[in-house]
Amino acid sequence: MMKKMSIPTSKTSLVLFLCQIISALDVPLDSKLLEELSQPPTITQQSPKDYIVDPRENIVIQCEAKGKPPPSFSWTRNGTHFDIDKDAQVTMKPNSGTLVINIMNGGKAEAYEGVYQCTARNERGAAISNNIVIRPSRSPLWTKEKLEPNHVREGDSLVLHCRPPVGLPPPIIFWMDNAFQRLPQSERVSQGLNGDLYFSNVQPEDTREDYICYARFNHTQTIQQKQPISVKVFSTKPVTERQPVLLTPTGSTSTKVELRGNVLLLECIAAGLPTPVIRWIKEGGELPANRTFFENFKKTLKIIDVSEADSGNYKCIARNTLGSVHHVISVTVKAAPYWITAPRNLVLSPGEDGTLICRANGNPKPSISWLANGVPIAIAPEDPSRKVDGDTIIFSHVQERSSAVYQCNASNEYGYLLANAFVNVLAEPPRILTPANKLYQVIADSPALLDCAYFGSPKPEIEWFKGVKGSILRGNEYVFHDNGTLEIPVAQKNSAGTYTCVARNELGKIQNEVQLEIKDPTMIIKQPEYKVIQRYGQVSFECIIKHDSTLLPTVTWLKDNDELPDDERFLVGKDNLTIMNVTDKDDGTYTCIVNTTLDSVSASAVLTVVAAPPTPAIIYARPNPPFDLELTGQLERSIELSWIPGDENNSPITNFVIEYEDALHEPGVWHYQTEVPGTQTTVQLKLSPYVNYSFRVIAVNKIGRSQPSEPSEQYLTKSASPDENPANVQGIGSEPDNLVITWEPLKGFQSNGPGLQYKVSWRQKDVDDEWTSVIVANVSKYIVSGTPTFVPYEIKVQALNDLGYAPEPSEVIGHSGEDLPMVAPGNVQVHVINSTLAKVHWDPVPLKTVRGHLQGYKVYYWKVQSLSRRSRRHVEKKILTFRGNKTFGMLPGLEPYSSYMLNVRVVNGKGEGPASPDKVFKTPEGVPGSPSFLKITNPTLDSLTLEWGSPTHPNGILTSYTLKFQPINNTHELGPLVEIRIPANESSLILKNLNYSTRYKFYFNAQTSVGSGSQITEEAVTIMDEVQPLYPRIRNVTTAAAETYANISWEYEGPDHANFYVEYGVAGSKEDWKKEIVNGSRSFFVLKGLTPGTAYKVRVGAEGLSGFRSSEDVFETGPAMASRQVDIATQGWFIGLMCAVALLILILLIVCFIRRNKGGKYPVKEKEDAHADPEIQPMKEDDGTFGEYSDAEDHKPLKKGSRTPSDRTVKKEDSDDSLVDYGEGVNGQFNEDGSFIGQYSGKKEKEPAEGNESSEAPSPVNAMNSFV
């Protein structure tokens, strides 16, 4: 039994109120409008809560605010009013609340320490700043102390204490020597978090007299120095090894409290010999990935951005070869208050309702308190429209006097949050901000957006009209946006004209007119065509355009998507491009681009340049190869090569190509070196170190290239350091915690010498880190592990060999590996535009949470259910991807009147982030689909019966059906059209008072509140008279469909005919009908192998009679189910089968009883003679009797002369189908002699006799056959 929950009356109204969607006014950022509207003060700038100032400079405490009228400012100090007029050292900036305390002219900063708070006030309220704590920085000197030298035995541990003076803020500690060089640190020697210098074990090289601790006070830019400390290490042999002992922290356990969002630093430093290695674990969990870092040689565990989940026990383990020691630090994460929902400004109209919500969290849970205009709300002036309920203030029926600034304070022992939020009650008549008579120009068939930016309080209603006296615009051809914009999705020529925007509220009305012009699109009516031209010929490309007469087009020609060459051979005409004296360089793609102020079109064509045919009298050929190559003037980096040209074969040599082979690195591979004009036979070649050169020369003329010359002698250059560094250096992480540095290795001859290696260097960008370097072999990749996720790195790769380094390489910027985004997009909103289209908006995620390169957003959406059928089924989710930092997208192809869900995810190079909470939206109604079927039956002289099925896709709530019909004569001319409106809950109609023997055409469709759906048509004929036609007919075709099969049954009237067939196909498809032959003269058939959830059409025909078919029927198979388990005992067919079997057994028992009494023979001859029918033939032609009834004859079929029942349905006795009874009843009884008399009828009403029915009392054999 359900329990009833009761809500107190005072709470009920609150709950109902909070369930409402409050839509406060949006004030447009229009400068003129903002200057005119009254507004309470808003603090725009203030100094930090904890403000440490330099005691040598003037103190500036910022407080800036805006409001209308401009606010005045006042200050409190330590909770009381601060009268700045009485202190000559304090001034306030004009038109501002910022204080300037003059310290440089005799004031002392210590005298102005305290807690300050600023108040900005005007006639609509007062806003207050945070409590600003002013403290001057301090950098005191070290106290003098006498430091004794430290005498330490080799291998022992040592701690050098720094103990810096207490400053404000605390100083930064570092250790240096007398030469101002930082003391080297390692796993053995390191500085602790407290500034002390720890030695796990001392070595003789630690002896020195200048261990100096420095304290740097950044605020005052001063550095204080401690007196030098002397350390002397004396040796004893042998040195005793020791197992680890913790120097800090002491004991086995300790505690640590840290605040949420801060950096957690835990430290363990151990003594021992050999030097211990530190390892960190979290008991009962894992160290947080991507936020955990190890510093100071793993002695310090650093976790950034800690949360309550990071609380727990952290264990550090120090281990060397002699043993281990551990320490457990219990960490508790507390939290200063942080916002869940900060209060937001409210702009309301008189009489409206609203809420201010202030929700914060922390550890411990913060307390919430409210102030009104800087005064605790409990003692503030009462406002009847205001009600405070914990973290919420509820406003009901506000008035202009309700305007005020409210402060929410959330505080706990670790801090506080203060937020100002005003309630501004405005009563303003409508204003339209869009300029009057603004002209919009749009290309035809493109969207048009007409602006109507507005403001008013209460929020005005916006209406659009076309023309001076036009009616209000409505319908699917327009989209009305919330900001007043009118969108015409497809603007046509008739869309041009004057449009009037009207804004009205209860305080007034205003209108504005804008003009819309529709321009013809620009088209290229004759495009440039592909051309093949001989060298030195002339070619022309055409580009003839058609454009709107009011637009000025500009035509630009491009070659290979770049500007045309600066050559006078290229002539650009009004509608063509001509190229004179074509050369091979003119080969390429030419593009004509036409631009107007509203659109742009282009077309391209390819130009192919071929050589002119040679003169037959002259034979041209490629030149012969050069010969007699000679090397002279050998130097380290250059050599001179000379040769003798071969025969040019009637085509002058245009140039020589010089190639080289490096037999040391790539023997057998020839590389391009240079080329020289055909008149030159010597060349000075530049050489690289550590290459074994051979050269060859190739001659070139207009016909082609010669064969290469014979190679020259070899020349080996000396080794040198590399001249260049690797190219294409990149840094891209493959995992969230690594950086993969890749580069293109130098080729063999670029190495300049043996032993080629690479120096790979990296450091985190914008962090004061030293370069980390490693030297690797001749490879092309190096992986840096343990990097933070997706941070920039400076990278450089330098080549070196056995002779030295290459020049200093340039730096490139790379990024460590990406990780999946952390947060989901927020504030997901859906705006349903029409029944098949919606627009989704979301807020972009902060870039720091993307943790990678932002690629875009994915919207997952799926249909939950149809609102008209209330049925749910599994539907695959659809995905739309929006590239870049886009914050909205359109969802097309939705189904009308359906419930959908969606979520949004951000995508980076690693993958998708978490999904936003599922957002539910619903599409409005649309026009319905066509009715599933229209069937016309029972024709009479003056009536027809119409039956129909509701639409498969109603797309809403059906309101009615519309039936239209008209007669058709023999020449297919249509008569007058009659229209009938039918209620939506009807499924049949009898049309009366029709003309006899007349063909009618019917048009039938369904309606929702949106409009009418598509119609289906059917034709039918009233009969000529009431006499049953002698021609055969098939009627009452019925279907019973399951998932993959359907039972088809029908009624047949006419001459005997045993060959039926069934035709079927997918409804609405243009494919040919599929045909199935019925076995025998049965009046039912099972269609198998159907597709689940599909609408089919079906009709029945008889073989041998041309055009003899039934009317069409439409049915739909059931949806596919994962599995079905049916209880057979509850199925109707099974119950019917069992009843039929029981009846057969009863009849057999009666027959056996009669046979036993009569001796096995049946005296039916007399009955046959008495009830003779001229068309009935005896079962046995030799004696005219039925013969003897025996078990062997139980299942013999009827002879040809036997007649069918009165419904003309013939059922095969030897059918292999299941037993099904298609009649409506069997009425009969037994005579006194035990014979069965009765009539098997397929109808309840008696049909007129047609001379083919038997009036005899059937034998038991016939009685049983009538059930088979």
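Above this text you will find the structure in question.
A brief structural summary. Residue numbers run consecutively from 1 along every chain, following the written order of its sequence. Given that the model is predicted, a residue must reach a pLDDT of at least 70 before its local features are reported, and side-chain atom pairs must reach 80 or more before they are shown or counted; all residues, however, enter totals for whole chains, interfaces and linings. Just so you know, side-chain values use all the structure's heavy atoms and leave hydrogens and water out.

**Notes on the nonpolar core**
Buried residues of nine kinds, namely Ala, Val, Leu, Ile, Met, Phe, Trp, Tyr and Cys, make up a nonpolar core once their side-chain atoms join them within 4.5 Å. Partly exposed describes any residue whose relative accessible area lies between the buried limit of under 20% and the exposed limit of over 50%, with all areas from a 1.4 Å probe on protein chains only and scaled to the type maximum. Within the largest apolar cluster, 28 residues are counted, with the highest numbers of intra-cluster contacts made by Ile59, Ile61, Trp75, Ile101 and Tyr116. Strands here are runs of E lasting at least two residues and helices are runs of H or I lasting at least four, both read from the DSSP assignment and numbered beginning at the N terminus. Contributing elements (two or more residues each) for this core: strand E3 (59–61), strand E5 (72–77), strand E8 (99–101), strand E9 (114–122) and strand E11 (132–136). For this core, the element with the highest residue contribution is E9, accounting for three residues.

**Comments concerning the pairing of strand E62 (residues 692–700)**
Counting buried positions along E62 gives nine out of nine residues, so the element sits mostly inside the fold. Of the two faces of E62, both are covered, the one formed by Asn692, Ser694, Arg696, Ile698 and Val700 as well as the one formed by Tyr693, Phe695, Val697 and Ala699. In the sheet, strand E59 (residues 655–662) pairs with E62 via eight bridges, with the strands oriented antiparallel. Looking at E62, one finds that Phe656 is bridged to Ala699. The sheet contact formed by E62 and strand E63 (residues 715–716) spans two bridges and is antiparallel. Considered in E63, the bridge of Asn692 is made with Leu716. Should DSSP find at least two bridges between two strands, the strands are regarded as paired.

**A few points about the sheet that holds strand E43 (residues 479–480)**
Taken in spatial order, the three strands of this open sheet run E40-E44-E43, and their pairing is antiparallel. The open sheet has two free edges, formed respectively by strand E40 (448–450) and E43, since each of these has just one partner strand. Sheet topology places E40 next to strand E44 (residues 486–488); three bridges connect them, and they run antiparallel. Of the residues in E44, the one forming a bridge with Leu450 is Leu486.

**Some remarks on the pairing of strand E58 (residues 638–644)**
The buried fraction of E58 amounts to five of the seven residues, a majority that puts the element mostly inside the structure. Here strand E57 (residues 627–632) runs beside E58; their pairing, made up of four bridges, is antiparallel. Residue pairing across strands places Phe627 opposite Ile644, the latter belonging to E58. Two elements, E58 and strand E61 (residues 682–686), share five bridges in a ladder whose sense is antiparallel. In the sheet register, Ser642 faces E61, and the bridge partner there is Thr682.

**As for the environment of Leu371**
On the secondary structure map, Leu371 appears in strand E32 (residues 367–372). With 38 residues separating them in the primary sequence, Leu371 and Asn409 have C-alpha atoms 8.0 Å apart. In contact with Leu371, not counting residues within four places along its chain, are Pro376, Ile377, Val405, Tyr406 and Gln407. Any two residues having at least one pair of non-hydrogen atoms within 4.5 Å are treated as being in contact.

**A closer look at the environment of Leu837**
Within the element layout of this structure, Leu837 appears in strand E73 (residues 837–843). Leu837 gets classed as partly exposed once you look at its relative accessible area, which sits at 22%. The sequence separation of Leu837 and Leu891 amounts to 54 residues, and the corresponding C-alpha distance is 5.7 Å.

**A few points about the packing of aromatic side chains**
Classification of ring pairs rests on two measures: the distance between centres of Phe, Tyr or Trp rings, Trp counted by its six-membered ring, which must be within 6.5 Å, and the angle between planes, read as stacked under 30 degrees, edge-to-face over 60 and tilted in between. Going through the model one piece at a time under the given rule, you end up with 24 aromatic pairs. Ring plane angle 15° and centroid distance 5.3 Å describe the contact between Tyr961 and Phe1004, whose orientation is recorded as stacked. Residue Tyr961 is located in strand E81 (residues 960–968), and its partner Phe1004 is located in strand E84 (residues 999–1007); the two are separated by 43 residues in the primary sequence. The same class applies to Tyr961 as to Phe1004, namely buried. Put simply, the rings of Phe174, Phe180 and Tyr214 pair up and form one aromatic cluster. Taking the ring centre of Phe541 as reference, the NZ or CZ of Lys531 above it sits at 5.4 Å. Over the aromatic face of Phe888 sits the side chain of Lys839, whose NZ or CZ is 4.8 Å from the ring centroid. The criterion for a charge sitting over a ring is simple: Lys NZ or Arg CZ within 6 Å of the ring centre, and within 35 degrees of the ring normal.

**Side note on the pattern of salt bridges**
Here a salt bridge means any side-chain nitrogen of Lys or Arg lying within 4 Å of a carboxyl oxygen belonging to Asp or Glu. Summed over all chains, the structure comprises 37 salt bridges. Taking the shortest distance from any N to any O, the salt bridge between Arg260 and Glu308 comes out at 3.8 Å. Within this pair, whereas Arg260 is found in the loop between strand E21 (253–259) and strand E22 (264–267), its partner Glu308 is found in the loop between strand E26 (300–303) and strand E27 (312–320), the two being separated by 48 residues in sequence. In this structure, Lys302 and Glu295 form a salt bridge, with 3.3 Å as the shortest nitrogen-oxygen distance. Salt bridges here are not isolated pairs; linked through shared partners, they connect Asp177, Arg208 and Asp210.

**Regarding a nonpolar patch on the surface**
A surface patch of nonpolar side chains, amounting to about 340 Å² of accessible area, comprises Tyr530, Val532, Val606 and Val610. Mapped onto the secondary structure, Tyr530 falls in the loop between strand E47 (523–526) and strand E48 (531–534). Judged by its relative accessible area of 52%, Tyr530 is exposed. Patch membership needs two things, relative accessible area over 30% and no salt bridge, and members are linked within 9 Å if like-charged or within 5 Å if nonpolar (Val, Leu, Ile, Met, Phe, Trp, Tyr). Method for areas: the Shrake-Rupley scheme with a 1.4 Å probe, in which residue coverage is limited to the protein chains shown.

**Some points on the sheet that holds E81**
What the four strands build is an open sheet, ordered E82-E81-E84-E85; its pairing is antiparallel. Bordering the open sheet on either side are strand E82 (978–983) and strand E85 (1016–1021), each of which pairs with just one other strand. Taking each pair of neighbouring strands and ignoring which way they run, the sheet shows an average axis angle of 25°. Relative to E85, E84 runs antiparallel, the two sharing six bridges. Note on method: axes are straight lines fitted to C-alpha atoms, helices fitted across the in-contact stretch only, with angles between N-to-C directions ranging 0 to 180 degrees.

**Structural notes on a negative patch on the surface**
Residues Asp628, Glu630, Glu640 and Glu713 make up a contiguous surface patch of negative charge. Structurally, Glu713 is set in the loop between E62 and E63. The charge count treats Lys and Arg as positive and Asp and Glu as negative. His and the chain ends do not count. By convention, charge coordinates are those of NZ in Lys, CZ in Arg, CG in Asp, or CD in Glu.

**Some words on the environment of Glu352**
Along the chain, the position of Glu352 falls in the loop between strand E29 (346–348) and strand E30 (354–357). Here Glu352 falls in the partly exposed class, since its relative accessible area comes to 25%. Taking the C-alpha atoms as reference points, Glu352 and Val398, 46 residues apart in sequence, are found 5.9 Å from one another. Excluding residues within four positions of it along the chain, Glu352 makes contact with Ser396, His397 and Val398. Two N or O atoms form a polar contact when they lie within 3.5 Å of each other; inside protein one atom must be a possible hydrogen donor and the other a possible acceptor, and for residues adjacent in sequence the pair counts only when both atoms belong to side chains. Among the polar contacts listed, one links the side chain of Glu352 to the backbone nitrogen of Ser349, at a separation of 3.0 Å.

**As for the state of the cysteines**
For this text, the term disulfide refers to a pair of cysteine sulfurs within 2.5 Å. The final tally for this structure, using the stated rule, is six disulfides. The disulfide partner of Cys63 is Cys118, and the gap between their sulfur atoms is 2.0 Å. Between Cys63 and Cys118 the sulfur-sulfur dihedral comes to about -70°; the bridge is accordingly left-handed. Here Cys118 lies in strand E9 and Cys63 lies in strand E4 (residues 63–68), a separation of 55 residues in the sequence. Neither residue differs from the other here; Cys63 and Cys118 are each classed as buried. The disulfide pattern of the protein chain is 1-2, 3-4, 5-6, 7-8, 9-10, 11-12 when the bonded cysteines are numbered in sequence order.

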